[in-house]
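The primary structure of each chain is shown beneath.
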Amino acid sequence: MYNRPEQVLEKYELEIKSTSKCREGYLCETNQGPKILKEYLGSRERAAFLMEMLDFLWEHGVNVERIVPTGENEPIALHEEETRYLLTDAIPGAECDTRNRNDMITAVHALAKLHNVAEQYENEVPEFVKTSRDSLLLLYEKHNRELNKVKNYVRNRKKKNDFESLFSGCYGAFMDKAFRVTELLQQTEPQEESFGFCHGEFNQHNVIFSRRGTAIVYFDHFSYHIRVSDLANFIRKMMEKNNWNRELGMALILAYHQERKLSDQEMRYLYIYLAYPEKFWKVANHYYNSHKAWISERNI
């Protein structure tokens, strides 16, 4: 009796030597090198565009994972239960070390190169890949409403715990910043030059230092969006891991700028991304939606 991964892998023109579970799905040793088989929740059209874009990036010198087509040249394999699967390259190597400055700088250079090459893509970008021009504004407005909801909940608590007391004490300053950043975003007229192909989840786990160079993997959340969202996400992650070291943050911005010059509007967007108190929202939202009989020391 075959198990599911073996059934799915029969759709590929590969010799499968072994399969084992991994974080992303199944690690497959094949005659064409290691591959990863994982469930895929998107449409066939989205997968087809991603395969085309990854091939384009690879052919133009960007070290990225690629999607392996099935024997029928399809980007996804469909299991009999209608579950979709993607088979991608598995790139052996070490993840970007958040304690290693050179690793982080190299990762930012790789991101800028990816953005540079993606700008050269001349085919039409399908609408289903594009995000709306006001998606970031809508997100911040949603965050602001959620923070207000937490404030009202905490205010109505007769006996406040340690977290709630701390939240009440700093809510005003953080919300003032949130409103000012949201207002600045409202005044920012989107320009087409600021939008492009984005990785969507660019962090230390998706940058691999391999024998074939610095590779970028896991494009599951790719989109056509504000490019510097990738850079802002990476900077925020790296600074959080390094006690919010501002000098490191500036070094990462400069490293990206050396590889791909940031326009004035992109610098404005980068400020908006980094200035919004996302960590405050994240912690408050997590607290509000969690079991409150036990308060996480991490949240405090």
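Quick note: structure is the one above.
What comes next concerns the included structure. (Residues numbered from 1 in each chain as written. Predicted model: local features only at pLDDT ≥ 70, side-chain atom pairs only at ≥ 80, totals over all residues. Heavy atoms only, no water.)

1. A short note on the overall build of the chain
Secondary structure summary: the chain contains nine helices and 10 strands in total. Contacts in the chain between residues at least 24 apart in sequence constitute 72% of all its contacts with a sequence separation of at least 6. Side chains of the chain give 41 positive and 45 negative charges; the mean places of these two sets differ by 9 Å. (Helix = DSSP H or I, 4+ residues; strand = E, 2+ residues; numbered from the N terminus. Contact = heavy atoms within 4.5 Å. Lys, Arg positive; Asp, Glu negative; His and termini not counted. Charge placed at Lys NZ, Arg CZ, Asp CG, Glu CD.)

2. Some details on the pattern of salt bridges
Note on pairing: side chains with opposite charge can pair once their charged atoms come close. Applying the stated criterion to the full structure yields 18 salt bridges. Measuring nitrogen to oxygen at the nearest pair gives 3.6 Å for the salt bridge that ties arginine 227 to glutamate 119. Taken together, the residues arginine 227 in the loop between strand S10 (223-226) and helix H6 (228-241) and glutamate 119 in the loop between helix H3 (101-118) and helix H4 (135-155) connect sequence positions 108 residues apart. Judged by its relative accessible area of 6%, arginine 227 is buried. Taking the shortest distance from any N to any O, the salt bridge between glutamate 146 and lysine 142 comes out at 2.8 Å. On the criterion of helical spacing, the pair formed by glutamate 146 and lysine 142 is a turn pair, its members being four residues apart in helix H4. (Salt bridge = Lys/Arg side-chain N within 4 Å of Asp/Glu carboxyl O. Buried < 20%, exposed > 50% of the residue type's maximum accessible area, 1.4 Å probe, protein only.)

3. A short note on the nonpolar core
Judged by nonpolar contacts, the single largest core of 74 residues is most densely connected at Leu57, Phe197, Phe234 and Leu252. Examining the composition of this core, we find that 10 residues originate from one element, H3, more than from any other. Leave out the neighbours within four places in its chain, and leucine 252 touches Met104, Ile105, Val108, Leu231, Phe234, Ile235 and Met238. Core analysis: the second largest hydrophobic core is formed by 10 residues, Val8, Leu9, Val68 and Leu87 among them. (Core = buried A, V, L, I, M, F, W, Y, C linked by side-chain atoms within 4.5 Å.)

4. Thoughts on the sheet that holds strand S8 (residues 207-210)
Judged by pairing direction, the sheet is antiparallel, and its three strands sit side by side in the order S6-S8-S9 without closing on themselves. Among the strands making up the open sheet, the edge pair consists of strand S6 (94-95) and strand S9 (213-216). Examined bridge by bridge, S6 and S8 share two bridges and lie antiparallel to one another. When the sheet's bridge partners are listed, alanine 94 is paired in S8 with phenylalanine 209. Along the sheet face, H3 touches S6, S8 and S9 and points at about 65° away from the line of S9. (Pairing = 2+ DSSP bridges. Axes fitted to C-alpha atoms, helices over the stretch in contact; angles between N-to-C directions.)

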